[in-house]
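Architecture and fold: a report
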Amino acid sequence: MRLLDRIRTRALWVFVGVVTTMIGVIVWTTLPAWPIVGVAVATLVIAVNSLTSRLQGDSCLGCGQSLANQPQSENGTFCPGCGLVNQSRPMSLAKMDAMRTLDVMQASSKPTGDDTKA
């Protein structure tokens, strides 16, 4: 099972467990429901945050191996451990345009062999 699938499954079971506990506490006690719902939401936020902490930009979504030193292509990064192609984070159009403009300007500013003879 892939890392992302395991994390989704664990998050689902944490959600089911917290909601079931919340409903049980509301039904069996005379406490108001709003504070119990607030504690349940806070518990879910903390639990899902701790579950998804391994999903960083430089880790494989299939096995969790670090991809920091792997070369990136236009299709993503190839994981040597599991063979999954991980898509890199999408770049904004403005950043892509700025990078292409910089590349064009650098290429046009390089002197060629013909320009130095004159």
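The structure we're discussing is the one just above.
Throughout what follows, the structure given in this document is the object of discussion. (Residues numbered from 1 in each chain as written. Predicted model: local features only at pLDDT ≥ 70, side-chain atom pairs only at ≥ 80, totals over all residues. Heavy atoms only, no water.)

1. Let's talk about the overall build of the protein
As a reminder of what qualifies: Helix numbers and strand numbers start at the N terminus; a helix is a DSSP run of H or I with at least 4 residues, a strand a run of E with at least 2. Relative accessibility decides the category of a residue: with a 1.4 Å probe and only protein chains considered, values under 20% of the type maximum give buried, values over 50% give exposed, and everything between is partly exposed. Throughout, a contact is declared for two residues whenever any of their heavy atoms are within 4.5 Å. Areas reported as accessible are Shrake-Rupley estimates using a 1.4 Å probe. Residue values count occlusion only from the protein chains shown.
Per the secondary structure count, the protein includes 3 helices and 3 strands. Within the protein, the fraction of its 118 residues that count as buried is 16%. Sequence-distant contacts in the protein: of pairs separated by 6 or more residues, those separated by 24 or more amount to 36%. When the accessible area of the protein is evaluated, it comes to approximately 9,300 Å², of which 62% is carbon and sulfur surface.

2. Some words on helix α2 (residues 33-51)
Put simply, the rule reads: Each helix should span, by expectation, one fewer than its residue count multiplied by 1.5 Å. What the arc covers is the set of directions going from the helix axis to the C-beta atoms.
Taking 1.5 Å of rise per residue, 19 residues should cover 27 Å, and α2 covers 27 Å from first to last C-alpha, within 8% of that figure. Ile36, Ala40, Leu44, Ala47 and Leu51 are the residues of α2 that are buried. The arc that holds the buried residues of α2, viewed along the axis, is 75°, so those residues lie on one side. Opposite its buried face, α2 presents the exposed residues Trp34, Val39, Val45, Ile46 and Asn49, each directed more than 90 degrees away. Buried residues in α2 make contact with α1 (3-28).

3. Comments concerning the packing of α1 against α2
The line we're drawing: Each axis is a line fitted through C-alpha atoms, and for a helix only the stretch in contact is used; angles between axes span 0 to 180 degrees, taken between their N-to-C directions. Here roughly perpendicular refers to angles of 65 to 115 degrees, roughly parallel to angles under 35, roughly antiparallel to angles over 145, and oblique to all remaining angles. Handedness of a crossing follows from how the near helix is turned relative to the far one, being left-handed for an anticlockwise turn of less than a right angle and right-handed for a clockwise one. Under this grouping Gly is polar, as are all residues other than the nonpolar Ala, Val, Leu, Ile, Met, Phe, Trp, Tyr, Cys and Pro and the charged Asp, Glu, Lys and Arg.
Interaxial distance between α1 and α2 falls to 10 Å at its minimum, and their mutual angle equals 165°. As judged from the angle between their axes, α1 and α2 are roughly antiparallel. Once α1 is placed against α2, the crossing between them reads as right-handed. Note on element contacts: α2 touches α1 through Ala33, Ile36, Val37, Ala40, Thr43, Leu44, Ala47, Val48 and Leu51, opposite Ile7, Arg10, Ala11, Val14, Phe15, Val18, Met22, Val25 and Ile26. Here the residues of the contact of α1 with α2 are counted per class, giving 16 nonpolar, 1 polar and 1 charged.

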